[in-house]
Amino acid sequence: MKICARLGRLLLPTFLIALAGSQAVNAQEPNSGRNTVRDRYATSKPEAGGIHESIPPKYAKRYQEWKDEFLSTDIGKAQWEMYSHHPYLQLTITVGGKNAEGAGTGKYKWNEKGELIAATIMLGERINEGYPSAVYYPVMNALEPFETRNLISGNVLAATKIAHEFGHVMKISSTPHDLYHLQLQLVPQYNKIFLSNGYNVNDPRLVEMAQKMGGNPVEIWEDREYWGEANAMLFLRDRVAKEKFHCRLFGKIKRAVEEYAKDYEERFAEIAKSQGALYSCSWK
Ligand SMILES: [Zn+2]
């Protein structure tokens with residue numbers, strides 16, 4: 001079990017680069033100085049919260065199906081309602097981008113009070129296809145055999161990916177923006193040292209940086225991804241509660257979490273314990 005977890009760690013350089021890339025995109029936003037229409041809107045009307053769907057017409061039909069699937073659950077409805085009526089957070093949802101089977105959340109903005117006032121979820125054009133690795137995506141990955149056997153549709157996978165992204169928005173809303181900006185600042189510096197010191201995470205400079213920003217870049221990244229997965233699990237808990245296979249699905253998630261995400265097991269176990277149907281499965 002540990003071997004696989006270590007294998008994940010050995011992929012560290014790849015993830016560092018991935019993290020640095022996504023951070024760089026986000027880092028541009030607050031201080032870019034670009035006076036776009038959206039920037040002006042966010043500045044002049046910080047109180048304009050709600051969900052803003054910006055969907056190219058060619059994706060409108062499939063997006064509606066994914067959204068309907070997300071809204072078919074109580075948790076999906078509750079989270080959608082919360083962001084639709086949010087007093088100051090403007091959540092933009094769009095479809096497109098280079099990552100056709102994936103999705104991402106970014107373009108964060110905060111007001112002077114440190115409150116998150118803008119975020120954008122970018123859904124790939126084919127999020128109803130493609131299963132990410134069980135190492136960092138134990139929930140989405142677990143769906144694969146169930147779709148192969150026609151027990152779930154691609155739209156359930158798409159809605160699970162939407163739930164994962166909502167998990168990112170929720171987590172970032174509760175992350176102090178000072179800490180987030182410190183991470184933006186220190187991660188590239190950390191990576192630079194890491195790549196030049198023979199990948200030595202015990203370098204005192206790196207240990208100090210990791211302490212300041214709440215973990216090394218991989219730990220920060222995986223913590224965020226597992227929050228996304230926890231919300232994906234919350235959605236699936238509702239979605240498959242009445243299906244005969246629900247214990248099999250959650251058994252698969254449990255095994256992946258135990259194998260790859262042991263340090264984060266608590267957040268998944270909490271969700272499993274919070275509903276009778278799952279409690280009767282093996283996850284106790
Ligand atoms: Zn994610």
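For the structure itself, consult the block above.
Just so we're clear, the structure is a prediction, and the values are computed from it rather than from any experiment.

> Describe the pairing of strand β4 (residues 116–123), and please don't skip the residues or the numbers.
Among the 8 residues in β4, 7 count as buried, and that is most of the element. Bridge analysis of strand β2 (residues 90–95) against β4 gives 6 bridges, and the strand direction is parallel. Across the sheet, the residue bridging to T92 is T120, located in β4. Pairing analysis gives 6 bridges linking strand β3 (residues 103–110) to β4, with the strands arranged antiparallel. Directly across from T105, in β4, lies its bridge partner I121. The turn linking β3 back onto β4 is made up of 5 residues, and G114 within it adopts a positive phi angle of 85°.

> Can you explain the coordination of the zinc ion? Please cite residues and give values.
The protein atoms donating to the zinc ion are H164 (NE2), H168 (NE2) and E225 (OE), with metal-donor distances spanning 2.0 to 2.1 Å. In terms of primary sequence, the donors binding the zinc ion are separated according to H-x3-H-x56-E. Of this pair, H164 sits in helix α8 (residues 154–173) while E225 sits in helix α11 (residues 217–239), and the two are 61 residues apart along the sequence. Of the two residues, H164 and E225, neither departs from the other in class, the shared state being buried.

> Just give me the short version of the packing of helix α4 (residues 60–70) against α8, but keep the residues and values in it.
It is at 8 Å that the axes of α4 and α8 come closest, and there the two elements cross at 70°. Considering their axes alone, α4 and α8 lie roughly perpendicular with respect to each other. Contacts between α4 and α8 involve E65, W66, K67, E69 and F70 from the former and N155, V156, A158, A159, I162, A163 and F166 from the latter. Split by residue class, the contact of α4 with α8 holds 8 nonpolar, 1 polar and 3 charged.

> Give me the side chain of H246: which residues, what numbers.
When you line up the elements, H246 lands in helix α12 (residues 246–260). A residue is classified by how much of its surface remains accessible, and H246, at 12% relative accessible area, is buried. A polar contact is formed between the side chain of H246 and the backbone oxygen of E243, at a distance of 3.0 Å.

> Requested: an account of the pattern of salt bridges, with residues and values cited.
Summed over all chains, the structure comprises 12 salt bridges. A salt bridge links R126 to E129, with the shortest nitrogen-to-oxygen separation between them at 3.4 Å. Overall, the relative accessible area of 32% leaves R126 in the partly exposed class. Classification of E129 by relative accessible area gives partly exposed; the value is 35%.

> Would you mind going over the sheet that holds β4 in detail, with residue names and values included?
If you walk across this open sheet you meet the 4 strands as β1-β2-β4-β3, and the pairing is mixed. Only two strands of the sheet have a single neighbouring strand rather than two, namely β1 (50–54) and β3. Strand-to-strand twist across the sheet, computed as the mean angle between neighbouring axes with direction ignored, equals 15°. Contacts from α4 reach β1, β2 and β4 within the one sheet, and its direction differs from that of β2 by about 130°.

> Go over the packing of helix α9 (residues 177–196) against α11, please, and point to the residues and values.
In contact at an axis separation of 10 Å, α9 and α11 are set at 135° when each is read in the N-to-C sense. With respect to their mutual orientation, α9 and α11 come out oblique. Between α9 and α11, the residues in contact are Y180, Q183, V187, Y190 and N191 and P217, I220 and R224, respectively.

> How would you sum up the nonpolar core? Please name residues and give values.
L91, I93, L123, F166 and L249 are the most contacted members of the largest nonpolar core, which has 59 residues in total. Grouped together as the second largest cluster of nonpolar side chains are 10 residues, V187, I193, A210 and I220 included.

> Describe in detail the packing of aromatic side chains, supporting the description with residues and values.
Summed over the entire model, instances satisfying the criterion amount to 14 aromatic pairs. Ring geometry for Y108 versus Y180: centroids 5.7 Å apart, planes at 90°, classification edge-to-face. Of this pair, Y108 sits in strand β3 while Y180 sits in helix α9; the two residues are 72 residues apart in sequence, bridging distant segments of the chain. Classification of Y108 by relative accessible area gives buried; the value is 7%. Between F194 and Y199 the ring centres are 5.1 Å apart and the planes differ by 25°, which places this aromatic pair in the stacked class. Accessibility expressed as a relative area gives 1% for F194, which makes it buried. Taking relative accessible area as the criterion, Y199 reaches 47% and is therefore assigned partly exposed.

Rules behind the numbers
In this numbering scheme, every chain counts its residues from 1 along its sequence in written order. Only residues with pLDDT of at least 70 get local features here, since the model is predicted, and only at 80 or more are side-chain atom pairs given and counted; chain-wide, interface and lining totals rely on the full set of residues. Think of the side-chain values as coming from all heavy atoms in the structure, minus any hydrogens and water. Residue exposure (1.4 Å probe, protein chains only): buried if accessible area is under 20% of the type maximum, exposed if over 50%, otherwise partly exposed. Here a helix means four or more residues in a row that DSSP labels H or I, a strand means two or more in a row labelled E, and each is numbered from the N terminus. At least two DSSP bridges between two strands are needed for those strands to be called paired. Because water is not among the atoms used, a metal site may look incomplete, as its donors are only the N, O and S atoms within 2.8 Å, or 3.2 Å for Na, K and Ca. Orientation is described by axes fitted as lines to C-alpha atoms, over the contacting stretch for helices, and by angles from 0 to 180 degrees between their N-to-C directions. Here the word oblique covers every angle except those under 35 degrees (roughly parallel), over 145 (roughly antiparallel) and from 65 to 115 (roughly perpendicular). Here, two residues are considered to be in contact whenever any of their heavy atoms come within 4.5 Å of each other. Put simply, Ala, Val, Leu, Ile, Met, Phe, Trp, Tyr, Cys and Pro go in the nonpolar bin, Asp, Glu, Lys and Arg in the charged bin, and everything else, Gly too, in the polar bin. A 3.5 Å cut-off defines polar contacts: any pair of N or O atoms within that distance qualifies, except that in protein one atom must be a possible hydrogen donor and the other a possible acceptor, and neighbouring residues in sequence count only when both atoms are side-chain atoms. The rule for a salt bridge is simple: a side-chain nitrogen of Lys or Arg has to be within 4 Å of a carboxyl oxygen of Asp or Glu. For this analysis, a nonpolar core means a set of buried residues of the types Ala, Val, Leu, Ile, Met, Phe, Trp, Tyr and Cys, connected via side-chain atoms within 4.5 Å. Centre distance within 6.5 Å is the pairing criterion for rings of Phe, Tyr and Trp, where only the six-membered ring of Trp is used; planes under 30 degrees apart are then read as stacked, over 60 as edge-to-face, and the remainder as tilted.

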